Amino acid sequence: MKTKTQLAAEARAAGQKLFTATCRHHGPGSPHYVSTTVCQQCAAEQTKRYNSTPKGKAATARNSAKRSSRAGERYVYLLKCKAAGIAYIGATTMALSKRRSEHFCDLRHGTHSNPELLAAYQAHGPKSFTLEVLAQFPGQPVEKLRQYEQCYMDAGEILGLRLVNVRRAKAA
Ligand SMILES: [Zn+2]
């Protein structure tokens, strides 16, 4: 009779992820992982047991915290100059405070890439500017965020905002 190691080697050679063997808990014909030669059902039960221990619970919490911080922040925001009556809709994956200070830093130093915003800032100063969050989409892929940004730009135009960044749909 072939050992699990032999069966696993054969299955691996055949490009399979699982092989069938006898598990002392789950009987003959149980699927086993090629990578670990462990019964699939045993592994699932073991994971479940581990996850219910304090150590397992802590690990699960750590992983989900890590996932959500990797997913990061997603905002669609509105930057407005009241005096000039112009608006700019943007999307960002940065913390909003960081994106805000980037905009204002570029405006203050005259290096902002949007000429209308720059002219408005130079004419009316920072007091005329506001930046507000329109929506948050935590954990959404960047492509989705761009689509949402475009939706908000379309809606903004319909609602009569004078957007100075129409057709610019790029997350920064
Ligand atoms: Zn088993």
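That block above? That's the structure.
Treat the numbers as computed from the prediction; the structure is a model and nothing was measured.

For the rest of this paragraph, the subject is the nonpolar core. Soluble globular proteins tend to pack their nonpolar side chains together in the buried interior. Core analysis: the biggest nonpolar cluster contains 16 residues, and Leu79, Ile86, Tyr88, Phe104, Leu107, Leu117 and Phe129 have the highest contact counts within it. Those elements giving two or more residues to this core turn out to be strand E3 (75–81), strand E4 (86–92), helix H4 (96–108), helix H5 (115–124) and strand E5 (129–136). Apart from the residues within four sequence positions on either side, leucine 117 is in contact with Leu79, Ile86, Tyr88, Leu107, His112, Phe129 and Val164. Grouped together as the second largest cluster of nonpolar side chains are ten residues, Val76, Ile89, Phe137 and Met153 included.

On to the sheet that holds E4. If you trace the three strands from one edge of the open sheet to the other, you get E4-E3-E5, paired in antiparallel fashion. Edge positions in the sheet fall to E4 and E5, since each has one partner strand and no second. For this sheet, the mean angle separating the axes of adjacent strands, direction not counted, is 20°. In terms of strand pairing, E3 meets E5 through seven bridges, oriented antiparallel. Bridged to leucine 79 within E5 is leucine 131.

Next up on the list: the pairing of E3. In terms of residue burial, E3 counts as a mostly covered element, since six of its seven residues are buried. Where E3 meets E4, seven bridges bridge the pair, whose relative direction is antiparallel. Its bridge partner being in E4, cysteine 81 is matched across the sheet by isoleucine 86. Between E3 and E4, which pair antiparallel one after the other, the connecting turn spans four residues, and glycine 85 there sits at a positive phi close to 70°.

The next thing to look at is the coordination of the zinc ion. Reference values for angles at a metal are 109.5 degrees in the four-donor tetrahedral case and 90 or 180 degrees in the six-donor octahedral case. Protein-derived ligands of the zinc ion are Cys23 (SG), His26 (ND1), Cys39 (SG) and Cys42 (SG), with the metal-ligand distances lying across 2.0 to 2.4 Å. Around the zinc ion, the four donor atoms sit at angles spanning 104 to 114°, and that spread fits a shape best called tetrahedral. Between consecutive donors of the zinc ion, the numbers of intervening residues give the motif C-x2-H-x12-C-x2-C. Of this pair, cysteine 23 sits in strand E1 (residues 18–23) while cysteine 39 sits in the loop between strand E2 (27–33) and helix H2 (40–52); the two residues are 16 residues apart in sequence, bridging distant segments of the chain. When sorted by exposure, cysteine 23 lands in the same class as cysteine 39, which is buried.

Criteria and thresholds
Residues numbered from 1 in each chain as written. Predicted model: local features only at pLDDT ≥ 70, side-chain atom pairs only at ≥ 80, totals over all residues. Heavy atoms only, no water. Core = buried A, V, L, I, M, F, W, Y, C linked by side-chain atoms within 4.5 Å. Buried < 20%, exposed > 50% of the residue type's maximum accessible area, 1.4 Å probe, protein only. Helix = DSSP H or I, 4+ residues; strand = E, 2+ residues; numbered from the N terminus. Contact = heavy atoms within 4.5 Å. Pairing = 2+ DSSP bridges. Axes fitted to C-alpha atoms, helices over the stretch in contact; angles between N-to-C directions. Donors = N, O, S within 2.8 Å, 3.2 Å for Na, K, Ca; no water. Tetrahedral: all angles 85-135°; square planar, octahedral: opposite > 155°, others 65-115°.

By themselves, these observations are geometric and do not establish any function.
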